[in-house]
Amino acid sequence: MGNSSIGVAVIGAGMAGRAHVSGYRAASTMFDSDLPDVRLVAVADAHKPFAVDAAMRYGYECAETSWESIVDAPDVDAVSVVVANDLHRPIVEALLAAGKHVLCEKPLAPTVADAEAMVEAAEKSDLVAAVGFTFRRSPAINAIRQQIADGTLGKVMHFNGHYWCDYGFNKDAPMSWRYRGAKGSGALSDIGSHLIDLGEFLSGPVESVPVCRSRRGSVLSTLIPDRPIPLGTAVGHAATVALSETRAPVENEDVVTFTATFKNGTVGTFSVSRVAYGLPNGLGFEVFCEGGPLRSTWPGQRSSASPTAHRQGSCSRHLPSSSRSPASTGFLPYQLSPTACTTSGCSKPSLLQLTPTARTLRCRSAPSANQHLPQPERNCR
Ligand SMILES: NC(=O)c1ccc[n+]([C@@H]2O[C@H](COP(=O)([O-])OP(=O)(O)OC[C@H]3O[C@@H](n4cnc5c(N)ncnc54)[C@H](O)[C@@H]3O)[C@@H](O)[C@H]2O)c1
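Quick look at the overall build of the chain now. When you go through the chain residue by residue, the secondary structure sums to seven helices and 19 strands. Relative to its full complement of 381 residues, the chain shows a buried share of 53%. Approximately 16400 Å² of the chain is accessible, and the part contributed by carbon and sulfur atoms is 52%.

In a pair of packed helices, the angle between the axes and the distance between the axes together describe the arrangement. It is the contact of helix 6 (residues 139-149) with helix 7 (residues 187-203), at a shortest axis distance of 9 Å, that shows an interaxial angle of 35°. Facing helix 6, whose interface residues are I141, N142, I144, R145 and I148, helix 7 presents L198, F201 and L202.

With that out of the way, let us pick up the nonpolar core. Judged by nonpolar contacts, the single largest core of 37 residues is most densely connected at F159, L202, F258, F270 and V287. Of all the elements in the fold, those that place two or more residues in this core are helix 6, strand 7 (156-164), helix 7, strand 12 (255-262), strand 13 (267-273) and strand 14 (282-289). V83, A122, V131 and F133 belong to the second-largest nonpolar core, a separate cluster that totals 30 residues.

The environment of the ligand is made up of 27 residues, and the closest members are D45, N85, K106, T134 and G236. Taking A16, its main chain carries an N or O atom lying 2.8 Å from an oxygen atom of the ligand. Within the backbone of V83, an N or O atom sits 3.2 Å from an oxygen atom of the ligand. Isolated, the ligand exposes 850 Å² of accessible area, and the fraction of that covered by the protein chains is 85%.

This brings us to the packing of helix 1 (residues 15-30) against helix 2 (residues 48-58). Packing of helix 1 against helix 2 leaves a shortest axis separation of 10 Å and a crossing angle of 25°. Considering their axes alone, helix 1 and helix 2 lie roughly parallel with respect to each other. The two elements helix 1 and helix 2 meet at a crossing, and its hand is right-handed. Along the contact surface, helix 1 presents R18, V21, S22 and R25, while helix 2 presents F50, A54 and Y58. Here the residues of the contact of helix 1 with helix 2 are counted per class, giving four nonpolar, one polar and two charged.

What follows concerns the pairing of strand 13. Across the seven residues of strand 13, five count as buried, placing the element largely inside the fold. Summarising the sheet, strand 7 and strand 13 pair through seven bridges and their orientation is parallel. Paired with W164 across the two strands is S273, which belongs to strand 13. As paired elements, strand 12 and strand 13 share seven bridges and run antiparallel to each other. Bridge pairing links F258 to F270 in strand 13. Where strand 12 folds back on strand 13, the antiparallel hairpin that results is connected by four residues, among which G265 adopts a positive phi of roughly 95°.

A few words now on unusual backbone geometry. In terms of backbone geometry, most residues other than glycine have negative phi values and most peptide bonds are trans. Here the amide bond leading from K106 into P107 is cis, since omega sits at -20°, within 30 degrees of zero. Mapped onto the fold, P107 is located in the loop between strand 5 (101-104) and helix 5 (112-124).

Tallied over the full model, the rule gives seven aromatic pairs. Between F159 and F262 the ring centres are 6.5 Å apart and the planes differ by 65°, which places this aromatic pair in the edge-to-face class. Residue F159 is found in strand 7, and its partner F262 is found in strand 12; the two are separated by 103 residues along the sequence. On the accessibility criterion, F262 (0% relative accessible area) is buried.

Rules used throughout
Residues numbered from 1 in each chain as written. Predicted model: local features only at pLDDT ≥ 70, side-chain atom pairs only at ≥ 80, totals over all residues. Heavy atoms only, no water. Helix = DSSP H or I, 4+ residues; strand = E, 2+ residues; numbered from the N terminus. Buried < 20%, exposed > 50% of the residue type's maximum accessible area, 1.4 Å probe, protein only. Areas by Shrake-Rupley, 256 points an atom, 1.4 Å probe, with all protein chains shown as cover. Axes fitted to C-alpha atoms, helices over the stretch in contact; angles between N-to-C directions. Contact = heavy atoms within 4.5 Å. Core = buried A, V, L, I, M, F, W, Y, C linked by side-chain atoms within 4.5 Å. Near = heavy atom within 4 Å. Polar contact = N/O pair within 3.5 Å; in protein donor to acceptor, adjacent residues only side chain to side chain. Parallel < 35°, antiparallel > 145°, perpendicular 65-115°, else oblique. Left-handed = near helix turned anticlockwise from the far one by under 90°. Nonpolar A, V, L, I, M, F, W, Y, C, P; charged D, E, K, R; others polar. Pairing = 2+ DSSP bridges. Phe/Tyr/Trp six-rings, centres within 6.5 Å; stacked < 30°, edge-to-face > 60°.

Here it is, written out as structure tokens:
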């Protein structure tokens, strides 16, 4: 990667991949102007229409159908990996081996062993490797974190958080990779990973959680046992895809609650659901500190634009919400926190914190002012 430009590619042009594709294009509007140009090189998706559409819409030079072509591309310096979780490890390892900087979506991997191998590969390289814990980029959450760090709020005693979504509420929401995999790879992995990361962002590392075997303090429940198989390729939660008559079993949890103890003694209580009727994206938490409680909620309605955070009691205040929301920054850049929060069974605690490595993906550059017209049908390599 030279100083004058950085070539970027996105693997996966589904729901979140499109936000990455958009984010690289918008980088120049979010960051300072003394940065190298971002060359929008390629979008890859196994479903060609998705790759072509994303490349055309956002002005990328080419569309690919295999992630291996991105690994082999000499003009790509940094890559977002935005595909189903079980593909993260092989793709990230191949990208690192090829000398590419990597931004991998959360959760890092479906198993602790996979996540540890990925962290090891990243640490052995001199490359930037990051994971997509979006909420770390929230100004409101950073203001809370600052007030904890500077002592304004005092020691954190209790972190209580929920992440309640309704993308799986409809029993006829189509079967997808999100509903397949061992217990812990469902709601806990998909959205609970954000909440756990937030807890650790504010209170430091989690030290212990109840072990699965005893089930004390933790519940993982599958409430909708099967879902219809889609007839076409679905994006994200895929409400609009046509469905077949055949249903397949849901393998992982719809709802999970658990408790945890943080290293600094903070008590953690967590509640996560993908079947929470009426809440498209309902994240909220309280941090109870020696100096008082503080609450932050993301409005769950699709029409609500910004989060709010306020201190409870006589002195309430708004903390900054901003156009620099995770979505508008296109997920750039993320703080690296390689956390695996799922298990592949019940032989391990339901949550394991890996070695945090404080590196930040520095894809802060601006796209070229003179974008070429997209030619995504062209076979680039
Ligand atoms: N940070 C966040 O807030 C956030 C939000 C949503 C999703 N995510 C994460 O992003 C990832 C993708 O989620 P999504 O909702 O976009 O999924 P999705 O199903 O909408 O998209 C996945 C895309 O990958 C493509 N794909 C499948 N196999 C492929 C292959 N071998 N090579 C290239 N492309 C392939 C599919 O065709 C699909 O378009 C997941 O890890 C998810 O947890 C993160």
